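Architecture at a glance
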Amino acid sequence: MEEIITKRLILGPFGTSDCDNLYAFLTQLSDGVFEGFSTLTEGGKEQLMRRLGSEEYYAVERKESGEVVGCVLLESRPCLTKEAMFAIREDFRRKGYAKEALDAIVELTFRQGVHRVVAQCDARNEAAWKLLEKAGFSREAHYRQNMFYEKDGTGRPIWRDTYVYAKLASDF
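Below or above, wherever it landed, is the structure these notes cover. (Residues numbered from 1 in each chain as written. Predicted model: local features only at pLDDT ≥ 70, side-chain atom pairs only at ≥ 80, totals over all residues. Heavy atoms only, no water.)

1. Observations regarding the packing of aromatic side chains
Keep this limit in mind: The pairing test for Phe, Tyr and Trp rings, Trp by its six-membered ring, is centres within 6.5 Å, and the orientation test on the planes gives stacked under 30 degrees, edge-to-face over 60, and tilted for anything in between. The way it works is that DSSP assigns letters per residue, a run of H or I at least four long becomes a helix, a run of E at least two long becomes a strand, and they are numbered from the N terminus. Throughout, exposure labels follow a simple rule: accessible area from a 1.4 Å probe, protein chains only, divided by the maximum for the residue type, with under 20% read as buried, over 50% as exposed, and the rest as partly exposed.
Taken as a whole and assessed by the stated rule, the structure comprises 5 aromatic pairs. Look at F14 and Y57: their rings are 5.3 Å apart centre to centre, the planes differ by 35°, and that puts the pair in the tilted class. In this pair, F14 sits in the loop between β2 (9–13) and α1 (19–27) while Y57 sits in strand β3 (residues 57–62), placing the two residues 43 residues apart along the sequence. Judged by its relative accessible area of 3%, Y57 is buried. When the centroid spacing of 6.0 Å and the interplanar angle of 80° are considered together, the rings of W129 and Y163 count as edge-to-face. Note that W129 is positioned in helix α4 (residues 126–134) and Y163 in strand β8 (residues 160–168), a separation of 34 residues in sequence.

2. Description of the pattern of salt bridges
Defined as follows: By salt bridge we mean one thing: a side-chain nitrogen of Lys or Arg within 4 Å of a carboxyl oxygen of Asp or Glu.
Taken as a whole and judged by the stated rule, the model has 14 salt bridges. The partner of R62 in a salt bridge is E64, and the shortest N-O contact between them spans 2.8 Å. You can call R62 buried: its relative accessible area is 13%. Given the relative accessible area of 71%, E64 is considered exposed. Across the pair K130 and E126 runs a salt bridge, and its minimum N-O distance is 2.8 Å. Here the residue K130 and the residue E126 both occupy positions in helix α4, the gap between them amounting to 4 residues, near one helical turn. Note on K130: relative accessible area 44%, which makes it partly exposed. Salt bridges here are not isolated pairs; linked through shared partners, they connect E2, E107 and R111.

Okay, structure coming up:
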């Protein structure tokens, strides 16, 4: 994994010892319901461990303090495409860290020959879709009731809408 250094951040690999802290961070997000983090179970730790060992999962660390303030996952998809997912700790939001990390990851990805980067978010998560638009992504789709992370008291899925965004190398 290539370490990425920006003005205020270092993006690089998580250590396997970071799993418990990352799990706690992701499951305590107040808006985790938007992306399914709030429903991670103990089995989710095993999934996180697999991701921590991958070349696609970046820790977002503040240069100034060395503190991990978030994560960015960049998964391979068919046809020279990557899918970006990101989360920033609540106490570090609205400071530009997510955009700074996303911009740096997308730039590296395009330099490596990727044609397209996509991102999806819950349609109710205004902060996420505004960030994607500010980062130059274009909304390409609105999927209606295509995802669920929770069920109601009767066991029925609580359906969520999803926005799909993309940015092309030619946009860069």
